[in-house]
Each structure stands twice: as C-alpha cells, then as structure tokens.
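Analysis of the macromolecular model
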Amino acid sequence: GGLGNIPGIFGRVQSVCKMGLATFIDTTTPAWRYRLLALAGHLHPRFITQQGLFWRQARACDVVIARSRDEARLLIKGVGIDPRKVKIVLNGVNPPGPVDIEGVRREFAIEGDFALHVSMFTQRRKNVARLIEAIGPLGIPLLIGGLAGPAGEGDDVYAAAKKFPRVRF
C-alpha cells in the first residue's frame, strides 16, 4: 500500500486474477484519526493522505492483508475498508532452535529462575519501566535486551533499573 503502488493497482490489467494490498499501520494511532484522514483523502484528488490512498487502493483489490487483529480493526473501522476483504496474516517467524538455558545462566552468572525481556526497550509504549518496577522488588534477575533509542529516550527505564541491582541490560 502507498504511493509506490499507484501504477500497479490503478492500472490493473485483465491478466491479473487476484490482487492484494498489504498495509503497515501504526496500531498506536486511534481509529478516529485514521477515519478522519481517510475521509480527508476522499475530498479532492489532489489532497492525498496515506489512509485515503489505502482506501482507494483497497477498492481495486480482492484482499487486504493485515498483520494483526489491531491492524485489521484499524483498516475496517479507521480507514473504512470492507471487512470481507480484510484477512489477517500474522508475521511469520522461524521458530528458534533449542535454547541452552544452562549456558545462559553461566554466561550471565544467574542461578535459578530469571526473566527476559527483548524489545526496543526505551520506547514508552513497551512499558519496560513498569516491568522493572513490578519484577525488581521480587528479586528475580531481569535481563533486558534489544535496541535502545536515541539519547534521552528511555530515561525512565534506566532510572527504574538503578533501583534494582538484579536488572541488567
């Protein structure tokens, strides 16, 4: 979906039997905002919004692929795409191989149980500071891995971690 697919979708030829549109939608944005931008994108052909473009492209497609239930909800309620066209295809991942738990414990000098969190941990929406505040008092080692954002982002995470010596990055 988007500007790069305008020629392919609007120039659909008869030899194409089925056409799908896969969108990438920020599920932290409220549906009403998507709906407003989709409607604004319908007002005039020269006024382009990503949501209005998704709506126009979806009309020409047989299927619209969402990566989650939240994304499907935003496509239907926010963008206004026909729910019969929306299909959920979860992001595919290869299952990890066997994990050497004892090797992890040796590498990080941990005995017994531990908790592991992996994400872009400095983003507020990941709630890592709250995770630290919840697990820290229990005394369970907490390993936090993943990507950190730019300097200053995640100061609340680092401040929470300083309170508990068993939290490590």
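What comes next is a walk through the structure. Computed from a prediction, not measured in an experiment: that's the story for all the values here.

1. With respect to the packing of helix α6 (residues 128-135) against helix α7 (residues 155-162)
Remark: α6 packs on α7, axes separated minimally by 8 Å, with the N-to-C direction vectors making an angle of 15°. In this view, α6 runs roughly parallel relative to α7, as classed from their interaxial angle. In the packing of α6 onto α7, the handedness of the crossing is left-handed. Mapping the contact onto sequence places V128, A129, I132 and E133 in α6 and D156, V157, A160 and A161 in α7. Along the lines of polarity and charge, the residues of the contact of α6 with α7 split into six nonpolar, no polar and two charged.

2. Observations regarding the packing of aromatic side chains
Applying the stated rule across the entire model yields three aromatic pairs. A ring pair is formed by F121 and F169, whose centres lie 5.3 Å apart and whose planes are at 35°; its orientation type is tilted. Residue F121 is located in the loop between β4 (115-119) and α6, and its partner F169 is located in the segment after β6 (167-168); the two are separated by 48 residues in the primary sequence. Residue class for F121 comes out buried when judged on its relative accessible area of 5%. Aromatic pair Y158 and F169: ring centres 5.2 Å apart, planes at 50°, arrangement tilted. Of this pair, Y158 sits in helix α7 while F169 sits in the segment after β6, placing them 11 residues apart in sequence. Using a relative accessible area of 32% as the deciding quantity, one classes Y158 as partly exposed. Each residue in the set F121, Y158 and F169 is aromatic and connected to the rest through ring pairs, giving one cluster.

3. Here's the deal with the environment of V86
By the secondary structure assignment, V86 is in strand β3 (residues 86-88). The buried category is assigned to V86, whose relative accessible area is 10%. For the pair V86 and V64, spaced 22 residues apart in sequence, the C-alpha separation works out to 4.8 Å. If we skip the residues at most four places from it in the chain, V86 touches V64, A66, A72, L75, I76 and I81.

4. Concerning the sheet that holds β6
The three strands are arranged β4-β5-β6 in an open sheet whose pairing can be described as parallel. Each edge of the open sheet carries a strand with a single partner, namely β4 and β6. Of the strands in this sheet, β4, β5 (142-146) and β6 are in contact with α6, which crosses β5 at around 165°.

5. Remarks on the pairing of β5
Remark: a regular strand shows side chains that alternate across the two faces of the sheet. When you tally the buried positions in β5, you get four out of five residues, the bulk of the element. Pairing geometry for β4 and β5, over five bridges, is parallel. Paired with L116 across the bridge in β5 is L143. Sheet analysis places β5 next to β6, joined by two bridges and oriented parallel. Within β6, the position partnered with L143 by the bridge is R168. In this fold, β5 hands off to α7, which returns the chain to β6; that crossover is right-handed.

Thresholds applied
Residues numbered from 1 in each chain as written. Predicted model: local features only at pLDDT ≥ 70, side-chain atom pairs only at ≥ 80, totals over all residues. Heavy atoms only, no water. Axes fitted to C-alpha atoms, helices over the stretch in contact; angles between N-to-C directions. Helix = DSSP H or I, 4+ residues; strand = E, 2+ residues; numbered from the N terminus. Parallel < 35°, antiparallel > 145°, perpendicular 65-115°, else oblique. Left-handed = near helix turned anticlockwise from the far one by under 90°. Contact = heavy atoms within 4.5 Å. Nonpolar A, V, L, I, M, F, W, Y, C, P; charged D, E, K, R; others polar. Phe/Tyr/Trp six-rings, centres within 6.5 Å; stacked < 30°, edge-to-face > 60°. Buried < 20%, exposed > 50% of the residue type's maximum accessible area, 1.4 Å probe, protein only. Pairing = 2+ DSSP bridges. Right-handed = clockwise from strand over helix to strand, strands pointing away.

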